[in-house]
Amino acid sequence: MTTPHLLAKIRCKLFISLLECRADLSGRGGKIVMRLQRTYGCGNINRENIGEKVVLAGWVQGRRDHGGLLFVDLRDRSGLVQLVFDQERQGALFTEAEKLRSEYVLAVRGTVIARSPETLNLKLATGEVEISVEDMELLNSARVPPFYIEDGIDTDENLRLRYRYLDLRRPEMQEMLLLRHRLLMATRRCLDERGFWEIDTPMLTRSTPEGARDYLVPSRVSPGYFYALPQSPQLFKQLLMVGGVERYFQITRCFRDEDLRADRQPEFTQIDMELSFCSRDEIITEVEALLSDLLQSILGQKLETPLPAISYEEAMERYGSDKPDTRYGMELRDISEIAGECNFKVFNQVISSGGAVKGINVQGQGNFSRKELDDLTTLVQSWGTGGLAWMIVTEDGFKTPIAKYFAGEQLDSLRKHMDGQSGDLLLFVADEKVNTQKILGQLRVHLARQLDLVPEGEHHFLWVLDFPLFIYDQEEKRYTSNHHPFTAPCDEDIPLLQTDPLKVRSLAYDLVYNGVEIAGGSIRIHDKEMQETVFKLLGLAQEELDEKFGFLLEAFKYGAPPHGGIAFGLDRLLMLMGGRKSIRDVIPFPKTAAGSCLLTGAPAPVSPGQLKDLHIYTVSRK
RNA sequence: GGAGCCGUGGUGUAGUCAGGUUAACAUGCCGGCCUGUCAAGCCGGAGAUCGCGGGUUCAACUCCCGUCGGCUCCGCCA
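Below is a short write-up of the structure. (Residues numbered from 1 in each chain as written. Chains lettered and ligands numbered in written order. Predicted model: local features only at pLDDT ≥ 70, side-chain atom pairs only at ≥ 80, totals over all residues. Heavy atoms only, no water.)

## Quick notes on the nonpolar core
Then step 1. Residues Leu 291, Phe 461, Trp 463, Leu 511, Ile 518, Phe 568 and Leu 573 are the most contacted members of the largest nonpolar core, which totals 68 residues.
Then step 2. Looking at this core element by element, the count peaks at 9 residues for helix 8 (residues 280-299).
Then step 3. When sequence neighbours within four positions are dropped, the list of residues in contact with Ile 518 reads Phe 461, Leu 511, Tyr 513, Ala 567, Phe 568, Gly 569, Arg 572, Leu 573 and Leu 576. (Core = buried A, V, L, I, M, F, W, Y, C linked by side-chain atoms within 4.5 Å. Buried < 20%, exposed > 50% of the residue type's maximum accessible area, 1.4 Å probe, protein only. Helix = DSSP H or I, 4+ residues; strand = E, 2+ residues; numbered from the N terminus. Contact = heavy atoms within 4.5 Å.)

## Structural notes on the pairing of strand 14 (residues 389-394)
Then step 1. Across the 6 residues that make up strand 14, a large majority, 5, are buried.
Then step 2. Of the pairings in the sheet, the one linking strand 14 to strand 15 (residues 397-399) comprises 3 bridges and is antiparallel in character. Bridged to Thr 394 within strand 15 is Gly 397.
Then step 3. Linking strand 14 back to strand 15 in an antiparallel pair, the connection comprises 2 residues. (Pairing = 2+ DSSP bridges.)

## A look at the state of the cysteines
Then step 1. Taken as a whole, this structure holds 0 disulfides when the rule is applied.
Then step 2. Of all cysteine sulfurs, the one in Cys 278 lies closest to Cys 490, which takes part in no disulfide; the gap is 15 Å. (Disulfide = S-S within 2.5 Å.)

## Structural notes on a positive patch on the surface
Then step 1. A cluster of basic side chains, namely Arg 261, Arg 264, Lys 323 and Arg 449, defines a positive patch on the protein surface.
Then step 2. Checked against the element boundaries, Arg 261 lands in the loop between strand 9 (247-255) and strand 10 (267-276). (Patch = residues over 30% accessible without salt bridge, like charges linked within 9 Å, V, L, I, M, F, W, Y side chains within 5 Å. Areas by Shrake-Rupley, 256 points an atom, 1.4 Å probe, with all protein chains shown as cover. Salt bridge = Lys/Arg side-chain N within 4 Å of Asp/Glu carboxyl O. Lys, Arg positive; Asp, Glu negative; His and termini not counted. Charge placed at Lys NZ, Arg CZ, Asp CG, Glu CD.)

## Quick word on helix 18 (residues 570-577)
Then step 1. Within helix 18, 8 of the 8 residues are buried, which leaves the element mostly enclosed by the surrounding structure.
Then step 2. Within helix 18 the residues assigned to the buried category are Leu 570, Asp 571, Arg 572, Leu 573, Leu 574, Met 575, Leu 576 and Met 577.
Then step 3. On its buried side, helix 18 packs onto helix 6 (171-193), strand 10, helix 8, strand 20 (508-513), strand 21 (516-523) and strand 22 (563-569).
Then step 4. Gly 579, located one to two residues past helix 18, shows a positive phi value of around 65°.

## A few points about the packing of helix 6 against helix 18
Then step 1. Relative to each other, helix 6 and helix 18 sit at 125°, their axes nearing to 11 Å. Judged by the inter-axis angle, helix 6 sits oblique to helix 18. Judged by the sense of rotation from one axis to the other, the crossing of helix 6 with helix 18 is right-handed. Only Leu 570, Asp 571, Leu 573, Leu 574 and Met 577 of helix 18 make contact with helix 6, whose side of the interface consists of Leu 179, Arg 180, Leu 183 and Leu 184.
Then step 2. In terms of residue class, the contact of helix 6 with helix 18 is built from 7 nonpolar, no polar and 2 charged. (Axes fitted to C-alpha atoms, helices over the stretch in contact; angles between N-to-C directions. Parallel < 35°, antiparallel > 145°, perpendicular 65-115°, else oblique. Left-handed = near helix turned anticlockwise from the far one by under 90°. Nonpolar A, V, L, I, M, F, W, Y, C, P; charged D, E, K, R; others polar.)

## Here's the deal with the sheet that holds strand 21
Then step 1. Taken together, 8 strands build an open sheet; the order of strands is 6-9-10-22-21-20-17-11 and the sheet is mixed. Looking at which strands have only one partner, the edges of the open sheet turn out to be strand 6 (197-198) and strand 11 (309-311).
Then step 2. Running over the sheet, helix 6 touches strand 6, strand 9 and strand 10 and is turned about 150° from strand 9.
Then step 3. Each of strand 10, strand 20, strand 21 and strand 22 touches helix 18; the most contacted strand, strand 21, lies at about 140° to it.

## Thoughts on the pattern of salt bridges
Two side chains of opposite charge can pair, provided their charged atoms sit close to one another.
Then step 1. Scanning the entire structure with this criterion turns up 45 salt bridges.
Then step 2. One salt bridge connects Lys 433 with Glu 317, and the closest N-O pair in it is separated by 3.0 Å. Pair noted here: Lys 433 is in helix 14 (residues 433-450) and Glu 317 is in helix 9 (residues 312-319), with a separation of 116 residues, a long-range link.
Then step 3. Judged by relative accessible area, which is 24%, Glu 317 ranks as partly exposed.

## Let's talk about the side chain of Gln 531
Then step 1. Locating Gln 531 in the fold gives a position in helix 16 (residues 528-537).
Then step 2. Leaving out residues up to four positions away in the same chain, Gln 531 has contacts with Pro 485, Phe 486, Ile 525, Leu 553 and Phe 556.

## As for the packing of helix 9 against helix 14
Then step 1. Two elements in contact, helix 9 and helix 14, have axes separated by 8 Å at closest approach and are oriented at 65°. Here helix 9 contributes Met 316, Glu 317 and Tyr 319 to the contact with helix 14, which in turn contributes Lys 433, Gln 437, Lys 438, Gly 441 and Arg 444.
Then step 2. Split by residue class, the contact of helix 9 with helix 14 holds 2 nonpolar, 2 polar and 4 charged.

Fair warning: the whole summary comes from geometry, so function is off the table for now.
Take a look at the structure:
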């Protein structure tokens, strides 16, 4: 990735601004915490500084003690430079330097000297020079750190999280912090240029039905009442549109009390946007402009726009996912027709009861062992389907336990349908249609990772459009919103609201980046009657509506403009731009899978007095 | 709510399947030697009741049960 270059480019600038701040403070008679005042960043020293007196400050990266000669690597956020102490030249200072240990905090004054040709270190940006130290101020000592402060460490993540402040000293983490900063700044600059106003909205708001579980905050002054932390600023940004803002954005924290994943944290940051008087396509164009700007200004990469787009239905048919990773093939193929005619009961029974049989071609993997195939079967069973049928394509036919159920021409047709070449492994799932798609979609992702078919360093973006407005919740026996209850239906599908709600497509859109959903949004309903219709289809009682959404419906009575918007998951975007595997790697202080913070110990018990103030009684944990 | 994997000196691992002498290796740490290293080198030393609790056994890092913590996935995440 390009981040190291980015860091190098920006180092100098950052350091200058730091010096300017220091200059402002001088002469005010403040308390002196440092006798020496630094003049350069460690990583900024180079050949051009030779002969110059400099003052540096930072942490001891390591030392190499040669007896009468001592090397110390000094590190600050700009990089690393070698200090040299010579017993004969430095005398008493040398004795002090011998006491230095890893991560001691230090300021030094010295002269930049050239290294002799045989002692150059070209691996280091500062490797042509070193600092002959003349004065030293030990600013702090340090305990031995629990892990190495260097890139590429292989340490238990518990430790890194518990000592996050040490983890953050590592260059790759500093790069992450810088990249995050750049992304925030570029977003603000770009959206400002495009006429968006940054407006902040409340963190203490009210719980609404639908959506994720809320984080609740008890009210002290209203006993038994609770605020909720926002899952997103959804309602407020719509109210801002009614308020005549026209173009709004916010970089804001959102909270959802659901189980975590590698790309999911209980609190995360969104780039939230909303526009008035716009169509779906105009919003998509705005988003592409933002994304294009961000990729250009942060990674130096050009984004080809317009980005490709497919419908939800096509995504499910071809990839078994509403966030397909298009960096590799292995697309789903439908063999329902053949399956319905063959004698394999598992297949034809599924077809006769309205299900689907689909397969993927795992090219060149016909050498899977029986055990590996059994493991895959167990895996898909754990995902909630009956089993997995397999066929290995050979020169003259198929190696498979189910060949006997198929007529010769059916096998030929199957091979053609699946594009089977000798040595390919074909895997089939037979189930209710959507389940077939989802299971195979998951299997596709699983195998691509396992077989290392995912090309690194590629950036694939894809819009997914035409989501169904509703999905049917089997457990609750009612419709629920696929996106959220404020999403507008497609104009031409509005009549279906009365007759066949599941067929209604919405004006929602998701942006998928390398198989990860990084943004989602929709054109909103701005009409009070339409909003009430949708709420009613969702089975929300009038009373509940009035209580929980009354303010929105009321606002819509006062001339709501047509509007729509989108929200980016900033952490996910950053994760993908930085080529990191987990969202935790791009969040300064992330939480574990159980939602705990290993650094602060949150969540933690509170005192009985605090609970009393909040009118809260707790029940026993067990 | 469910499934899988992991937990052994400061750190990373081996040993666990098949119970048995002093828990091994690397690195870090401490001390000594060493004037051109940059993963410095050489010599010496300290450092672990094997996540925790219970059980089986003459004997448990090892087997069984429970529990805590972490990671990944399913459900969940408008």
